[in-house]
Structure formats: C-alpha cells, structure tokens
Amino acid sequence: MIEDIKKRALHRTKIIEGQLRGIEKMIDNDDYCVDIITLSLAVQKSLGSLNKLLVENHLRTHVTEMYDAGGEQRDAAVAELVRIFELSNNRG
C-alpha cells in the first residue's frame, strides 16, 4: 500500500471502530432510536470514505501495474473495476 493512504485508512478504521463501540453502548443503554440511527449512518459514511481510500490505492498500484502489463492482465484489471462498481451500486 502507498504509505500515506495506508496511514489514512488505518486512521479511518480507528474512527469506525470507535463509532461501532458507541452504537453498541447506545443500544445497550436503550438510547433513543433516532440517535442510534444517526450514528449508524455516520458509520456508513465513514465506511464509504475508507472504501474510497482503498479504491484509490488499488488504482494507483495494482490496476496501474496490471494495465501497463497489457493483455490478460489489463482485462483482469477492467473486470475488477467493473466488479467493484457493481458491488458499490448494489449496496443498501
């Protein structure tokens, strides 16, 4: 992984971890549902930010190498990107 992206992705995972612990505590404390949903939506947004970092890293490293290699490697890179696109559009 590109070091800067790795650092930011790890930071993002720590934030998500804290948010999830917060949701667990809120549920355990029978907090107001809307407050729990609000934090849950924040977690989803944080996961989206993490995914963006991971896709950026993949594009800058693996996809670039695969595309430059040409042939079947290039085709595999395109197939991976299409699969990621499809997965992101099938969420929720």
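The chain goes by DNA-binding transcriptional regulator, FrmR family in an unreviewed UniProt entry, where it is assigned to Agromyces cerinus subsp. cerinus. Under the heading Sequence similarities (unreviewed entry), UniProt records this for the chain: "Belongs to the CsoR family."

Draft legend 1. View of the nonpolar core. Grouped together as the largest cluster of nonpolar side chains are nine residues: Ile 5, Ala 9, Ile 16, Ile 23, Met 26, Ile 36, Val 43, Leu 50 and Leu 53. Those elements that provide at least two residues to this core are helix H1 (3–28) and helix H2 (33–69). The element that contributes the greatest number of residues to this core is H1, accounting for five residues. The residues contacting Ile 5, other than those within four sequence positions of it, are Leu 53, Glu 56, Asn 57 and Arg 60.

Draft legend 2. Spotlight on the confidence of the model for the chain. Confidence in the prediction for the chain averages 95 pLDDT; 98% of positions are at 70 or higher. Of all helices and strands in the chain, the one with the weakest mean pLDDT is helix H3 (residues 71–89) (92), whereas H1 scores best (98).

Draft legend 3. A nonpolar patch on the surface, seen in detail. Side chains of Leu 59, Leu 81 and Ile 84 sit close together on the surface and give an oily, nonpolar patch of about 200 Å² of accessible area. Among the secondary structure elements, Ile 84 is positioned in helix H3. Judged by relative accessible area, Ile 84 falls into the partly exposed class, the value being 33%.

Draft legend 4. Up close: the packing of aromatic side chains. A complete count under the given rule lists zero aromatic pairs for this structure. The cationic tip of Arg 74 hangs over the ring face of Tyr 67; the distance from NZ or CZ to the ring centre is 4.1 Å.

Draft legend 5. Structural detail: the environment of Val 43. For Val 43, the position within the fold is in helix H2. Val 43 has contacts with Ile 16, Gln 19, Leu 20 and Ile 23, leaving out every residue within four places of it along the chain.

Draft legend 6. Structural view of a negative patch on the surface. Among the surface-exposed residues, Glu 24, Asp 28, Asp 30, Asp 31 and Asp 35 lie close enough to one another that they form a single negatively charged patch. As for its position among the elements, Asp 31 is in the loop between H1 and H2.

Draft legend 7. Structural context of the packing of H1 against H2. At a minimum axis distance of 9 Å, the contact between H1 and H2 shows a crossing angle of 160°. Relative to H2, H1 is oriented roughly antiparallel. Handedness of the H1/H2 crossing: left-handed.

Draft legend 8. Structural detail: the side chain of Ser 46. Position of Ser 46 among the secondary structure elements: in helix H2. You can call Ser 46 buried: its relative accessible area is 5%. Look past the residues within four positions of Ser 46 in its chain and what remains in contact with it is Arg 12, Ile 15, Ile 16 and Gln 19.

Each value, and the rule that gives it
Residues numbered from 1 in each chain as written. Predicted model: local features only at pLDDT ≥ 70, side-chain atom pairs only at ≥ 80, totals over all residues. Heavy atoms only, no water. UniProt positions renumbered as here; feature names shortened; annotations may be inferred. Core = buried A, V, L, I, M, F, W, Y, C linked by side-chain atoms within 4.5 Å. Buried < 20%, exposed > 50% of the residue type's maximum accessible area, 1.4 Å probe, protein only. Helix = DSSP H or I, 4+ residues; strand = E, 2+ residues; numbered from the N terminus. Contact = heavy atoms within 4.5 Å. pLDDT = per-residue confidence, 0-100. Patch = residues over 30% accessible without salt bridge, like charges linked within 9 Å, V, L, I, M, F, W, Y side chains within 5 Å. Areas by Shrake-Rupley, 256 points an atom, 1.4 Å probe, with all protein chains shown as cover. Salt bridge = Lys/Arg side-chain N within 4 Å of Asp/Glu carboxyl O. Phe/Tyr/Trp six-rings, centres within 6.5 Å; stacked < 30°, edge-to-face > 60°. Lys NZ or Arg CZ within 6 Å of the ring centre and 35° of its normal. Lys, Arg positive; Asp, Glu negative; His and termini not counted. Charge placed at Lys NZ, Arg CZ, Asp CG, Glu CD. Axes fitted to C-alpha atoms, helices over the stretch in contact; angles between N-to-C directions. Parallel < 35°, antiparallel > 145°, perpendicular 65-115°, else oblique. Left-handed = near helix turned anticlockwise from the far one by under 90°.

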